[in-house]
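Residue strings, one per chain:
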Amino acid sequence: MITVTGAAGQLGRLVVDELLDSGLPPAQIVAVVRNPEKAGDLAARGVQVRHGDYDQPQTLGPALAGARKLLLISGSEVGRRIDQHRNVVAAATSAGVDLIAYTSILKADTSSVPLAAEHLATEQMIRDSGLPFVLLRNGWYLENYTGSVLPQALATGSVLGAAGSGRVAAATRADFAAAAVAVLTAPAPTDATGTVYELGGDGPFTLAELAAEISRHSGREIAYQDLPADVYTKALTDAGVPEAFAGMLAASDVGISRGDLTTDSGDLARLIGRPTTSLGDAVRAALVGLPG
């Protein structure tokens, strides 16, 4: 039985889809979700949908019952994730899972990106649990750029940031989902127990190169405007981004400038058995989906 937490989220759904596409019988897949009503489509495909809330430990034991391999997808509520993940790890320990895989962040043990602290703490609690584990240290999603930065750039003619000439090894959620499935469906996953994968795209890029790629595929002149972190934070808040989130985005850009979100490990391409999705392909696909 392969169990996926956060299975109604954007990454979780892609993992379940990939598991189904791999030929795994739907009845052997458990989708743990906070609101089962939002996963009716998965249930209709034969997947076992179970209620499990990271904030409600009493729901996690039944949710993980019978789990052999578990994918713990990190929670989305920054600042609350250590306690939430502790609840899942405790339930996984009680369930005696054969393998727990966790979606962490690239270079979690050295990164200055604000999100890294909660991920590193979760990695440690997984190590301390004594469970066989694999850490999937995911880089940034390409969708972080094609989903919000791209439309803003087309509207203003600029990509704003505070990353300098730092490179980001972003990949699509689908790429990261495929990597998770490769680990979960490996014939002898315990052979890789304790493996740490540093996962990123094959072609790390600067934000200036992102702007150039948007220009190339849109036919519009887009420039990258590099700003001091505090100025970038203000630009984001002026655009309606909540102050705390804006500060986190700016600090993450500073992390990019320091090399925290790039890698040349090649782990992602090796796991999925193909090149990762290129920036150009992602931008071109996103432009097709935009109005006008």
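Worth saying up front: this structure is predicted, and the values here are computed from it rather than measured.

## Considering the sheet that holds strand 2 (residues 29–33)
Line of reasoning, step 1. Read across the sheet, seven strands follow the order 3-2-1-4-5-6-8 without closing on themselves; strand pairing throughout is parallel. Looking at which strands have only one partner, the edges of the open sheet turn out to be strand 3 (48–51) and strand 8 (195–199). Adjacent strand axes in the sheet meet at a mean angle of 20 degrees, parallel and antiparallel pairs treated alike.
Line of reasoning, step 2. In this structure, strand 1 (residues 2–5) lies alongside strand 2, joined through four bridges in parallel fashion. Residue Thr5 lies in a different strand from strand 2, and its bridge partner there is Val32.
Line of reasoning, step 3. Where helix 3 (residues 57–64) meets the sheet, its contacts fall on strand 1, strand 2, strand 3 and strand 4 (69–72), and the angle it forms with strand 3 comes to roughly 160 degrees.

## Some thoughts on the packing of helix 8 (residues 207–218) against helix 12 (residues 279–288)
Pairs of packed helices are described in terms of their axes, by the angle between the two and the distance that separates them.
Line of reasoning, step 1. Helix 12 packs onto helix 8 with a crossing angle of 50 degrees between their chain directions and a minimal axis gap of 10 Å. Classed by the angle they form, the pair helix 8 and helix 12 counts as oblique. Like other packed secondary-structure pairs, helix 8 and helix 12 cross with a definite hand, here right-handed. Between helix 8, through Glu209, Leu210, Glu213, Ile214, His217 and Ser218, and helix 12, the contact on the second element is made entirely by Leu279, Gly280, Val283, Arg284 and Leu287.

## Brief notes about the pairing of strand 4
Line of reasoning, step 1. Here strand 4 shows a buried face lined by Lys69 and Leu71 and a second buried face lined by Leu70 and Leu72.
Line of reasoning, step 2. Two elements, strand 1 and strand 4, share three bridges in a ladder whose sense is parallel. When the sheet's bridge partners are listed, Val4 is paired in strand 4 with Leu71.
Line of reasoning, step 3. Two elements, strand 4 and strand 5 (residues 99–105), share four bridges in a ladder whose sense is parallel. When the bridges of strand 5 are listed, Leu71 appears paired with Ala101.
Line of reasoning, step 4. Crossover connection from strand 4 via helix 4 (residues 81–95) to parallel strand 5: handedness right-handed.

## Side note on the pattern of salt bridges
Line of reasoning, step 1. Tallied over the entire structure, the rule returns 17 salt bridges.
Line of reasoning, step 2. Among the salt bridges present, the one from Arg137 reaches Glu123, with a minimum N-O distance of 2.8 Å. Highlighted residues: Arg137 in strand 6 (residues 133–138) and Glu123 in helix 5 (residues 116–129), separated in sequence by 14 residues. Each member of the pair, Arg137 together with Glu123, is buried.
Line of reasoning, step 3. Three or more residues are tied together by salt bridges with common partners; here these are Arg34, Asp53, Asp55, Glu77 and Arg80.

Calculation rules
- Residues numbered from 1 in each chain as written.
- Predicted model: local features only at pLDDT ≥ 70, side-chain atom pairs only at ≥ 80, totals over all residues.
- Heavy atoms only, no water.
- Pairing = 2+ DSSP bridges.
- Helix = DSSP H or I, 4+ residues; strand = E, 2+ residues; numbered from the N terminus.
- Axes fitted to C-alpha atoms, helices over the stretch in contact; angles between N-to-C directions.
- Contact = heavy atoms within 4.5 Å.
- Parallel < 35°, antiparallel > 145°, perpendicular 65-115°, else oblique.
- Left-handed = near helix turned anticlockwise from the far one by under 90°.
- Buried < 20%, exposed > 50% of the residue type's maximum accessible area, 1.4 Å probe, protein only.
- Right-handed = clockwise from strand over helix to strand, strands pointing away.
- Salt bridge = Lys/Arg side-chain N within 4 Å of Asp/Glu carboxyl O.

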